[in-house]
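Observations on the model geometry
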Amino acid sequence: MAQGRLARLEKYFLYFVLYSVIGWLYEVFLEVVVYRWGFSNRGVLFGPWCVIYGVGALVLILALGGLKKRDIRVGKVPVTPLLVFLGIVVLTTALELLASYLMEYLLGGWQWDYTRFAFNFQGRIALNPSIRFGLGGMVFLYILQPLFERLTGRMSPRALHLAAGALALVMLLDAAWTFLL
């Protein structure tokens, strides 16, 4: 039983790292290609990861995974995907707001400013990014996560343990480097 829990935690940690890296790539892509602001490290840590995306992914997996599997209909029209989308928008917006306050408390500020967007709150959250997170979350929950689950499901217990352990060590060293040095 304990082995099963450990394997499950290791899988969730791998998902966390994967989505943290994907989030970092997304943020850098926006800065460099879309907005043409030039490169800057979009993560709090030194490495190529935005941990807020990893945390957000785990929140969505845990909070909406069960809803995603249900077949909810209004008459004959399936509404489950719409409910999942709305859940993603609400959860990611709340997480982003919470993260902005946490970063402000710990670091003196947060790394984004949505004041240029309509329907923003203190530049911390805004409708446009919330909708983008909703769309991205749909891609994540319906396409990427099933793929990642198949990939981690094919890993041997030893490979899973080694990958999770190595990445945990790298992230721990990165956090030590970032916050202690």
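Procedures and definitions
- Residues numbered from 1 in each chain as written.
- Predicted model: local features only at pLDDT ≥ 70, side-chain atom pairs only at ≥ 80, totals over all residues.
- Heavy atoms only, no water.
- 1 Å grid on protein atoms, 1.4 Å probe; cavity = no way out; pocket = protein on both sides within 12 Å on 5 of 7 lines; lining within 4 Å.
- Points joined across faces, edges and corners; volume = space filled by probe spheres on them.
- Helix = DSSP H or I, 4+ residues; strand = E, 2+ residues; numbered from the N terminus.
- Nonpolar A, V, L, I, M, F, W, Y, C, P; charged D, E, K, R; others polar.
- Buried < 20%, exposed > 50% of the residue type's maximum accessible area, 1.4 Å probe, protein only.
- Contact = heavy atoms within 4.5 Å.
- Salt bridge = Lys/Arg side-chain N within 4 Å of Asp/Glu carboxyl O.
- Phe/Tyr/Trp six-rings, centres within 6.5 Å; stacked < 30°, edge-to-face > 60°.
- Lys NZ or Arg CZ within 6 Å of the ring centre and 35° of its normal.
- Expected span 1.5 Å × (residues − 1).
- Bend = angle between axes of the 7 residues up to and from the residue.

What about the layout of surface pockets?
Its volume calculated, the largest pocket comes out at about 1200 Å³. For the lining of the largest pocket, the elements supplying multiple residues, two or more each, are α1 (2–34), α2 (51–69), α3 (80–107), α4 (127–153) and α5 (157–180). Grouping the amino acids of the lining of the largest pocket by side-chain chemistry returns 34 nonpolar, 7 polar and 7 charged. Empty space within the second largest pocket amounts to approximately 240 Å³. Along its surface, the second largest pocket is lined by 13 residues, and Ile61, Gly65, Lys69, Gln145 and Glu149 are the ones closest to its centre. At the level of secondary structure, the elements contributing two or more residues to the lining of the second largest pocket comprise α1, α2 and α4. If you tally residues by element for the lining of the second largest pocket, the top one is α2, at 6 residues.

What about unusual backbone geometry?
Phi at Phe119 takes a positive value of approximately 55°, unusual for a residue other than glycine. A positive phi is found at Gln122, a non-glycine position, where the angle reads about 55°. Along the chain, Gln122 falls in the loop between β3 (120–121) and β4 (125–126). Residue classification places Gln122 among the partly exposed residues on the basis of a relative accessible area of 46%.

A closer look at the side chain of Thr93
Within the secondary structure layout, Thr93 lies in helix α3. Residue Thr93 is classed as buried on the basis of its relative accessible area, which comes to 15%. Once you skip the residues sitting within four places of it in the chain, Thr93 turns out to touch Ile88, Ile125 and Ser130.

Section: the pattern of salt bridges
Across all of its chains, the model carries 2 salt bridges by this definition. Asp71 is the partner of Arg73 in a salt bridge, and the nearest nitrogen-oxygen pair spans 3.2 Å. Taking the relative accessible area as the measure of exposure, Asp71 reaches 54% and is therefore exposed. As a salt-bridge pair, Glu104 and Arg124 come within 2.6 Å of each other at their nearest N and O atoms. You can see Glu104 sitting in helix α3 and its partner Arg124 sitting in the loop between β3 and β4, a full 20 residues away along the chain. For Glu104, a relative accessible area of 33% corresponds to the partly exposed category.

With respect to the packing of aromatic side chains
Taken as a whole and assessed by the stated rule, the structure comprises 7 aromatic pairs. Plain terms: the ring middles of Tyr19 and Phe140 are 4.5 Å apart, the flat faces sit at 80° to each other, and that makes the pair edge-to-face. Residue Tyr19 is found in helix α1, and its partner Phe140 is found in helix α4; the two are separated by 121 residues along the sequence. For the pair Tyr19 and Phe140, a shared accessibility class is recorded, and that class is buried. Its end group placed over the ring of Trp110, Arg124 keeps NZ or CZ at 4.0 Å from the ring centre.

Digging into the side chain of Ser130
Examined against the element boundaries, Ser130 turns out to sit in helix α4. In this structure Ser130 comes out as buried when scored by relative accessible area, which is 4%. In this view, Ser130 contacts Val89 and Thr93; residues no more than four positions away in its chain are not counted.

Observations concerning α4
Residues that lie three or four places apart on an α-helix share one face, since the helix turns once every 3.6 residues. Here α4 is 27 residues long and its end C-alpha atoms lie 36 Å apart, about the 39 Å a rise of 1.5 Å per residue gives. Along its length, α4 reaches its greatest deviation from straightness, about 40°, at Leu144, and the proline Pro146 lies no more than four positions downstream. Burial in α4 covers these residues: Pro129, Ser130, Phe133, Gly134, Gly137, Met138, Phe140, Leu141, Gln145, Phe148 and Thr152.

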